[in-house]
Amino acid sequence: MADAVGEMYSSEAEGAILVWNLVPVRVPYGYDLAALLDDLVPLLEEIQQTDFAETGVFWGSDTFSAEWKIAREGDSLRIQARWHSTLGNYESLLAERGDVVVDAQVFAREWAKVLRRIVADIEAESVQLDDDIFLRTKALIRA
């Protein structure tokens with residue numbers, strides 16, 4: 001799925017915006033999101049489990065590289081990040097802003113919008129994928 005996403009989107013034309021404590025961080029579909037999918041889908045599956053307590057994820061793209069520790073706090077998620085690189089070099093500003101606390105459902109719903117767009121574009125291009133991440137992504141956005 002990552003290869004298809006990387007091929008479908010220009011690395012400069014399309015991107016999602018991640019807002020971290022009022023700091024906008026551009027995450028291009030064709031490069032960063034393609035690289036993040038293999039970690040994003042399992043993360044979203046995990047945080048939606050009723051017994052979810054905490055997890056960690058490493059985002060390993062050149063222009064979106066960070067380590068996130070995510071812990072449930074009631075209905076919310078607290079995300080502690082160690083930023084390594086971002087487009088625009090916002091790492092120190094993001095670090096200064098500290099942790100993010102976000103409603104778990106809002107977090108999952110916002111990422112699902114991105115995944116819906118990717119799946120719709122893959123299907124519109126008639127790309128035939130039967131890989132595990134694509135099938136799991138489709139299941140996530142239908143849930």
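Cut-offs used in this document
Residues numbered from 1 in each chain as written. Predicted model: local features only at pLDDT ≥ 70, side-chain atom pairs only at ≥ 80, totals over all residues. Heavy atoms only, no water. Core = buried A, V, L, I, M, F, W, Y, C linked by side-chain atoms within 4.5 Å. Buried < 20%, exposed > 50% of the residue type's maximum accessible area, 1.4 Å probe, protein only. Contact = heavy atoms within 4.5 Å. 1 Å grid on protein atoms, 1.4 Å probe; cavity = no way out; pocket = protein on both sides within 12 Å on 5 of 7 lines; lining within 4 Å. Points joined across faces, edges and corners; volume = space filled by probe spheres on them. Helix = DSSP H or I, 4+ residues; strand = E, 2+ residues; numbered from the N terminus. Nonpolar A, V, L, I, M, F, W, Y, C, P; charged D, E, K, R; others polar. Lys, Arg positive; Asp, Glu negative; His and termini not counted. Salt bridge = Lys/Arg side-chain N within 4 Å of Asp/Glu carboxyl O. Polar contact = N/O pair within 3.5 Å; in protein donor to acceptor, adjacent residues only side chain to side chain. Pairing = 2+ DSSP bridges. Axes fitted to C-alpha atoms, helices over the stretch in contact; angles between N-to-C directions. Expected span 1.5 Å × (residues − 1).

Trainee: Help me understand the nonpolar core in this model?
Mentor: One finds Trp59, Phe64, Trp68, Phe107 and Ile118 to be the most contacted residues of the largest nonpolar core, which totals 46 residues. When neighbours within four sequence positions are excluded, Ile118 is seen to be in contact with Met1, Val5, Met8, Tyr9, Tyr29 and Leu37.

Trainee: Help me understand the layout of surface pockets, please; the structure alone is not making it clear to me.
Mentor: The gaps of empty space that remain are located by a probe, the size of a water molecule, rolled over the atoms. By volume, the largest pocket amounts to about 400 Å³. Looking at the lining of the largest pocket, the elements that each hand over two or more residues are β1 (15-20), β6 (100-103) and α4 (104-124). Take the lining of the largest pocket: its biggest share by element is six residues, from α4. Looking at the lining of the largest pocket, its residues break down into 15 nonpolar, no polar and two charged. Taken as a whole, the second largest pocket spans an internal volume of roughly 300 Å³. Around the second largest pocket, the lining comprises 16 residues; the ones closest to its centre are Gln48, Ala104, Gln105, Ala108 and Arg109. Where the lining of the second largest pocket is concerned, the elements lending two or more residues are α2 (29-47), α4 and α5 (132-142). With seven residues, α4 is the single largest residue contributor to the lining of the second largest pocket. Its residues assigned to classes, the lining of the second largest pocket shows nine nonpolar, two polar and five charged.

Trainee: Is there a simple way to think about the side chain of Glu91 in this case?
Mentor: Tracing the chain through its elements places Glu91 in helix α3 (residues 91-97). Of the side chains with opposite charge, Arg82 comes closest to the buried, unpaired Glu91, at an N-O distance of 12 Å. Among the polar contacts made by the side chain of Glu91, one reaches the main-chain amide nitrogen of Thr86 at a distance of 2.5 Å. Setting aside residues up to four positions removed in sequence, Glu91 forms contacts with Trp83, His84, Ser85 and Thr86.

Trainee: Just to check I follow, could you spell out the sheet that holds β6 for this structure?
Mentor: Consider a sheet: its strands pair through backbone hydrogen bonds, and that pairing is either parallel or antiparallel. With antiparallel pairing, the four strands of this open sheet are ordered in space as β3-β4-β5-β6. Looking at strand neighbours, the two that pair on one side only are β3 (54-60) and β6, the edges of this open sheet. Going from strand to strand, the sheet's axes swing by 25 degrees on average, the running direction of each strand aside. Relative to the sheet, α2 contacts β3, β4 (64-73) and β5 (76-86), its axis offset from that of β3 by approximately 175 degrees.

Trainee: Just to check I follow, could you spell out α4 for this structure?
Mentor: Quick reminder: α-helices carry 3.6 residues per turn. Residues three or four places apart thus point the same way. Taking 1.5 Å as the rise per residue, α4 with 21 residues should run 30 Å; its terminal C-alpha atoms sit 30 Å apart, in good agreement. Taken together, the buried positions of α4 are occupied by Ala104, Phe107, Ala108, Trp111, Ala112, Val114, Leu115, Ile118, Val119 and Ile122. Remark: Ser126 follows α4 within two positions and exhibits a positive phi of approximately 60 degrees.

Trainee: I'm lost on the pairing of β1 in this one. Help?
Mentor: Along any regular strand, the residues point their side chains to alternate faces of the sheet. Side chains Ala16, Leu18 and Trp20 project from β1 onto a buried face, and the interleaved Gly15, Ile17 and Val19 project onto a face without burial. Across six bridges, the pairing between β1 and strand β2 (residues 23-28) is antiparallel. Bridging from a neighbouring strand, Ala16 pairs with Val27 of β2.

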